[in-house]
Amino acid sequence: MTAPPGLLAVIDMQHVFADPASAWAAPRYAEAAAGVRRLLPAFAHRTVFTRFVAPARPTGAWRAYYDRWPFARQPPDAELWRLTDEFTVSAEVVLDASTFGKWTPELAARAAPHGRLILTGVSTDCCVLSTALPAADAGVEVVVVTDACAGATDDTHTKALHLLDLYGPLIRLTTVAELLA
């Protein structure tokens, strides 16, 4: 098998989204994690993990957001922000952001040599979507691996994929099997 080209970005595979008791749980987190695990060997040393973390002091509209979700006002080293155990070992590069979108200057610099960004993770309808759109606007080919992503609900996952599909050919949807074929 020839390794697929591109940089694999694994978005926010964290305890806060994996724990069924969390208000932010992605019900199909385990299925998305299985897809990510299948992709990791093909992207050795071309993988970046991201983490959503709360800012020390929310500003602007983020103040109201954290008023709604006060449990999330925890420091970056809190358990809820840790990558789940299965990914902690394989995460050579971890980029933190206190925004939904992870298309930060750091991720852009890491993606630039590849010209192609493969997106996986949670949640499809928030952080994956918010990363895909600015990356595509920047001229990077974006590939979203649908069965290595999970949404806040099945319905919002499907709706986000539909929206992302509207951005073709800048954004392309695929599956783990298609990407690895």
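Preceding this section is the structure that the text describes.
One numbering rule holds for all chains: residues counted from 1, following each sequence as written. Thresholds applied to this predicted model are a pLDDT of at least 70 for local features of residues and 80 or more for the giving and counting of side-chain atom pairs; totals over whole chains, interfaces and linings are not thresholded and use all residues. Hydrogens and water are ignored here; the side-chain numbers use all heavy atoms of the structure.

1. A word on the environment of tryptophan 103
Consideration 1: The helix and strand labels rest on DSSP assignments: H or I over at least four residues marks a helix, E over at least two residues marks a strand, and numbering proceeds from the N terminus. Counting through the fold element by element, tryptophan 103 comes out in the loop between β3 (94-97) and α5 (105-111).
Consideration 2: Residue burial is assigned from relative accessible area. The probe radius is 1.4 Å, only protein chains are included, and a residue is buried under 20% of its type maximum, exposed over 50%, and partly exposed in between. Look at tryptophan 103 and you get buried, because its relative accessible area is 19%.
Consideration 3: Placed 35 residues apart in sequence, tryptophan 103 and alanine 138 show a C-alpha to C-alpha distance of 9.6 Å.
Consideration 4: We call two residues contacting when some pair of their heavy atoms lies within 4.5 Å. Beyond its immediate chain neighbours, meaning those up to four positions away, tryptophan 103 contacts Ala108, Ala111, Leu117, Thr131, Pro134, Ala135, Ala138 and Val140.

2. Details of the packing of aromatic side chains
Consideration 1: A pair of aromatic rings is counted whenever rings of Phe, Tyr or Trp (Trp by its six-membered ring) have centres within 6.5 Å, and the orientation is called stacked for planes under 30 degrees apart, edge-to-face for over 60 and tilted otherwise. For the structure shown, the criterion picks out 16 aromatic pairs.
Consideration 2: For the ring pair tryptophan 24 and tryptophan 81, a centre distance of 6.1 Å and an interplane angle of 45 degrees mean the geometry is tilted. Separated by 57 residues along the polypeptide, tryptophan 24 in the loop between α1 (15-18) and α2 (29-39) and tryptophan 81 in the loop between α3 (61-68) and α4 (85-88) bring together distant segments of the chain. Tryptophan 81 matches tryptophan 24 in its accessibility class, with the two residues each being buried.
Consideration 3: An angle of 40 degrees between the planes, with centres 6.4 Å apart, marks the rings of phenylalanine 52 and tryptophan 62 as tilted. In this pair, phenylalanine 52 sits in strand β2 (residues 47-52) while tryptophan 62 sits in helix α3, placing the two residues 10 residues apart along the sequence.
Consideration 4: For phenylalanine 52, a relative accessible area of 1% gives the class buried.
Consideration 5: Exposure remark for tryptophan 62: the relative accessible area of 24% places this residue in the partly exposed category.
Consideration 6: These aromatic residues form a ring-pair network of at least three members: Phe17, Trp24, Phe52, Trp62, Tyr65, Tyr66, Trp69, Phe71, Trp81 and Phe100.

No statement about biological role is implied by the geometric values presented.
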